[in-house]
Amino acid sequence: MSIIISPSILGGSFSNMEKTILEINKSRAEYIHFDVMDGDFVPNLTFGPQFISNLRSYSNKVFDVHLMIKRVQKFVDDYIKAGSDIISFHIEIEDDIRSLISKIKKNNVKCGIAIKPKTPWDKIEPYLDDIDQVIVMTVEPGFGGQVFMNDQINKIKKISEYIKSKNLNVKIEIDGGINYETGKTCIEVGANILVAGSFLFKQEDLIKATNSLYDALS
Ligand code: DX5
Ligand code: ZN
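Thresholds, definitions, all that
- Residues numbered from 1 in each chain as written.
- Chains lettered and ligands numbered in written order.
- Predicted model: local features only at pLDDT ≥ 70, side-chain atom pairs only at ≥ 80, totals over all residues.
- Heavy atoms only, no water.
- Buried < 20%, exposed > 50% of the residue type's maximum accessible area, 1.4 Å probe, protein only.
- Helix = DSSP H or I, 4+ residues; strand = E, 2+ residues; numbered from the N terminus.
- Right-handed = clockwise from strand over helix to strand, strands pointing away.
- Pairing = 2+ DSSP bridges.
- Near = heavy atom within 4 Å.
- Polar contact = N/O pair within 3.5 Å; in protein donor to acceptor, adjacent residues only side chain to side chain.
- Areas by Shrake-Rupley, 256 points an atom, 1.4 Å probe, with all protein chains shown as cover.
- Nonpolar A, V, L, I, M, F, W, Y, C, P; charged D, E, K, R; others polar.
- Donors = N, O, S within 2.8 Å, 3.2 Å for Na, K, Ca; no water.
- Tetrahedral: all angles 85-135°; square planar, octahedral: opposite > 155°, others 65-115°.
- Arc of directions from axis to C-beta.
- Contact = heavy atoms within 4.5 Å.

S.K.: Where do I start with the pairing of strand β3 (residues 62-68) in this structure?
M.R.: Where a strand is regular, its side chains alternate between the two sheet faces. Extensive coverage of β3 is indicated by the burial of six of its seven residues. The parallel pair strand β2 (residues 31-37) and β3 is bridged by helix α2 (residues 49-56), and the resulting crossover is right-handed. Here four bridges tie β3 to strand β4 (residues 86-90), and the two strands are oriented parallel to one another. Residue pairing for β4: Val-65 is matched across the bridge by Ile-87. This β-α-β element, β3 to helix α3 (residues 72-81) to β4, shows right-handed connectivity.

Next comes the structure, spelled out in structure tokens:
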């Protein structure tokens, strides 16, 4: 399975995100990762559905929306209407997981479940036959620029082995601290999609940085 890079726009300039989207359009990244944070589920606040719908017409890339919010049931329709292609929410929320999965899929949007570093991987096991991707957080969710957590590598391996043993069609997305080295390690243990934020945005040329990460890991 070829590798997918999903640049996280958290590193971009919020006052001119169109420019960032148009740059990512010119890269070989297939996805664009939108980190939605509510200041409650995570100690940071980013943007809402309007921000995403305003950007929808600028790109045909896959809008990979990562909801780090507590009240998913209340807001999920807005993110569906905003033009998300994939909506991933966290397993740690209190809302009913099954009904969220079916609502997202009923609207022809792919569904993912994200899992924090401290959450055991088997919390998501009951849902793996019903979702399109798992996001394994390799940093504590909330901020870009953190260091990759090596103790999550074994979790990625376990999830990958389980998916293979059941012959499930679920992709593994890794989110947090991805660079050449950590990305390579994650792919070796079964990851398919790599979110990268600061590693790309801290470089001079976003397009070149994205394409060289893609080339290095494919
Ligand atoms: C963290 C976000 C990640 C983060 C990735 O809560 O979910 O997507 O922005 O950024 P880097 O690649 O800088 O860790
Ligand atoms: Zn994310």
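S.K.: Sorry if this is basic, but what is going on with the site of ligand 1 here?
M.R.: Around ligand 1, 20 residues are found, and the nearest of them are Asp-35, Gly-142, Gly-145, Asp-175 and Ser-198. Contact distances for ligand 1 include 2.8 Å between an oxygen atom and a backbone N or O atom of Gly-145. Take Gly-177: an N or O atom from its main chain is 2.8 Å from an oxygen atom of ligand 1. Contact with the protein chains covers 99% of the free accessible surface of ligand 1, which is 380 Å². Elements with a minimum of two residues in the shell around ligand 1: β2, β3 and β8 (193-196). Top element by residues in the shell around ligand 1 is β2. It accounts for three residues. Split into classes, the residues belonging to the shell around ligand 1 amount to eight nonpolar, ten polar and two charged.

S.K.: What's the story with the coordination of the zinc ion (ligand 2) in this structure? I'm lost.
M.R.: Note on metal sites: the ideal angle is 109.5 degrees for four tetrahedral donors, and 90 or 180 degrees for six octahedral donors. The protein atoms that coordinate the zinc ion (ligand 2) are His-33 (NE2), Asp-35 (OD), His-66 (ND1) and Asp-175 (OD), at distances of 2.0 to 2.3 Å. For the zinc ion (ligand 2), the six donor atoms in the first shell make angles of 65 to 172° at the metal, a pattern classed as octahedral. For the zinc ion (ligand 2), the single-chain donor residues occur in sequence as H-x1-D-x30-H-x108-D. Of the two residues, His-33 is situated in strand β2 and Asp-175 in strand β7 (residues 171-175); the sequence distance between them amounts to 142 residues. The residues His-33 and Asp-175 share a single accessibility class, namely buried.

S.K.: Help me understand α2 in this model?
M.R.: Because an α-helix packs 3.6 residues into every turn, residues spaced three or four apart end up facing the same way. Residues Phe-51, Ile-52, Leu-55 and Arg-56 constitute the buried set of α2. Within α2, the buried residues cover an arc of 140° as seen down the axis, which keeps them to one side. In this structure, the buried residues of α2 make contact with α1 (17-25), β2, β3 and α3.

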